[in-house]
Amino acid sequence: MLIKPLNRFRAKISGKVTLRTVLIVPFVLQTFAAVGLVGYLSFRNGQKAVNDLANQLQSEISDRIEQEVQQYLDTPHKINQTLTAAINLDLLDVKNRKALELYLWRHLKIFDSIHAIFFGYQEGGITVARRHEGRLFIDETKGLVNGDYYIYTTDNQGNRQELFQFGNPYDARTDSCIIRV
């Protein structure tokens, strides 16, 4: 029953279709199908490659940032450890103000990322080597005790030059970021 209508349809079409159409249409359809499939697969592989590359770059950038932050955060601890070791090995006498100033100043010169290195005394005094606007300074309270705060410029060897500024009284015992010995 279904065969008769199909035969009639075929006969109707076959009378109107040329041999050229019969050869060209399937070829064109196959070509479009092949090009479409290849294009789709290329697009998908391109997306995957771009996503993989983006993930690799994100991971690499994240690792570098983590490394830089870790190094930045480790530097103050390393400075504290070297200062503590120098004191414990009697290589540095913290009562010798000049030696302590030079020690702190040299560490500040070595570590560019550090703004200041403090040393606070139990009596409230302080010795500081610090960086401000590209220059290095030595700050102190007189006599290793709390009191007036003095800021001195330094030469390229770390020696005091002149009084730069005179500040308000300072007490290291009230500053929580200072190591006390």
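On a predicted model such as this, the values are computed, not experimentally measured, just so you know.

1. Description of the sheet that holds strand β2 (residues 126-132)
Point 1. Strand order in the open sheet formed by five strands is β1-β2-β3-β4-β5, with antiparallel pairing between adjacent strands. Where the open sheet ends on each side, the last strands, each with one partner, are β1 (116-120) and β5 (160-170). For this sheet the average axis-to-axis angle between neighbouring strands, irrespective of direction, equals 20°.
Point 2. Lying on the sheet, helix α3 (residues 97-110) is in contact with β1, β2, β3 (135-141), β4 (147-154) and β5; it crosses β2 at an angle near 30°.

2. Some points on the packing of helix α2 (residues 19-88) against α3
Point 1. Close contact between α2 and α3 brings their axes to 11 Å; oriented N to C, the two are set at 155°. Considering their axes alone, α2 and α3 lie roughly antiparallel with respect to each other. Where α2 crosses over α3, the two elements pack in a sense that is right-handed. Along the contact surface, α2 presents Ile79, Thr82, Leu83 and Ala86, while α3 presents Leu100, Tyr103, Leu104 and His107.
Point 2. Its residues assigned to classes, the contact of α2 with α3 comprises six nonpolar, two polar and no charged.

3. Thoughts on a nonpolar patch on the surface
Point 1. A grouping of Leu19, Val22, Leu23, Ile24, Phe27, Val28 and Phe32 is seen on the molecular surface, where their side chains present a nonpolar patch of about 740 Å² in accessible area.
Point 2. Using a relative accessible area of 55% as the deciding quantity, one classes Phe27 as exposed.

4. Considerations on the nonpolar core
Point 1. Of all hydrophobic cores here, the largest spans 18 residues; its most connected members are Leu83, Leu100, Leu104 and Phe119.
Point 2. Elements represented by at least two residues in this core include exactly α2, α3, β1 and β3.
Point 3. Among the elements that make up this core, the one with the highest residue count is α3 (five residues).
Point 4. Among residues more than four places away in sequence, those in contact with Leu83 are Leu92, Leu100, Tyr103, Leu104 and Phe119.
Point 5. Among the nonpolar cores identified, the runner-up in size contains seven residues, and Ile126, Val128, Phe137 and Ile151 belong to it.

5. Focus: the confidence of the model for the chain
Point 1. Taken residue by residue, the chain gives an average pLDDT of 86. The fraction at 70 or more is 90%.
Point 2. Under a pLDDT of 50 for its full length, residues 177-181 has, in the predicted model, 17 contacts with residues more than four places off or in other chains.

6. Description of the side chain of Thr75
Point 1. You can see Thr75 is positioned in helix α2.
Point 2. Given the relative accessible area of 9%, Thr75 is considered buried.
Point 3. Among the polar contacts made by the side chain of Thr75, one reaches the main-chain carbonyl oxygen of Gln71 at a distance of 2.9 Å.
Point 4. Discounting chain neighbours no more than four positions away, the residues touching Thr75 are Phe111, Ser113 and Ile114.

So, how was this worked out
Residues numbered from 1 in each chain as written. Predicted model: local features only at pLDDT ≥ 70, side-chain atom pairs only at ≥ 80, totals over all residues. Heavy atoms only, no water. Pairing = 2+ DSSP bridges. Helix = DSSP H or I, 4+ residues; strand = E, 2+ residues; numbered from the N terminus. Axes fitted to C-alpha atoms, helices over the stretch in contact; angles between N-to-C directions. Contact = heavy atoms within 4.5 Å. Parallel < 35°, antiparallel > 145°, perpendicular 65-115°, else oblique. Left-handed = near helix turned anticlockwise from the far one by under 90°. Nonpolar A, V, L, I, M, F, W, Y, C, P; charged D, E, K, R; others polar. Patch = residues over 30% accessible without salt bridge, like charges linked within 9 Å, V, L, I, M, F, W, Y side chains within 5 Å. Areas by Shrake-Rupley, 256 points an atom, 1.4 Å probe, with all protein chains shown as cover. Salt bridge = Lys/Arg side-chain N within 4 Å of Asp/Glu carboxyl O. Buried < 20%, exposed > 50% of the residue type's maximum accessible area, 1.4 Å probe, protein only. Core = buried A, V, L, I, M, F, W, Y, C linked by side-chain atoms within 4.5 Å. pLDDT = per-residue confidence, 0-100. Polar contact = N/O pair within 3.5 Å; in protein donor to acceptor, adjacent residues only side chain to side chain.

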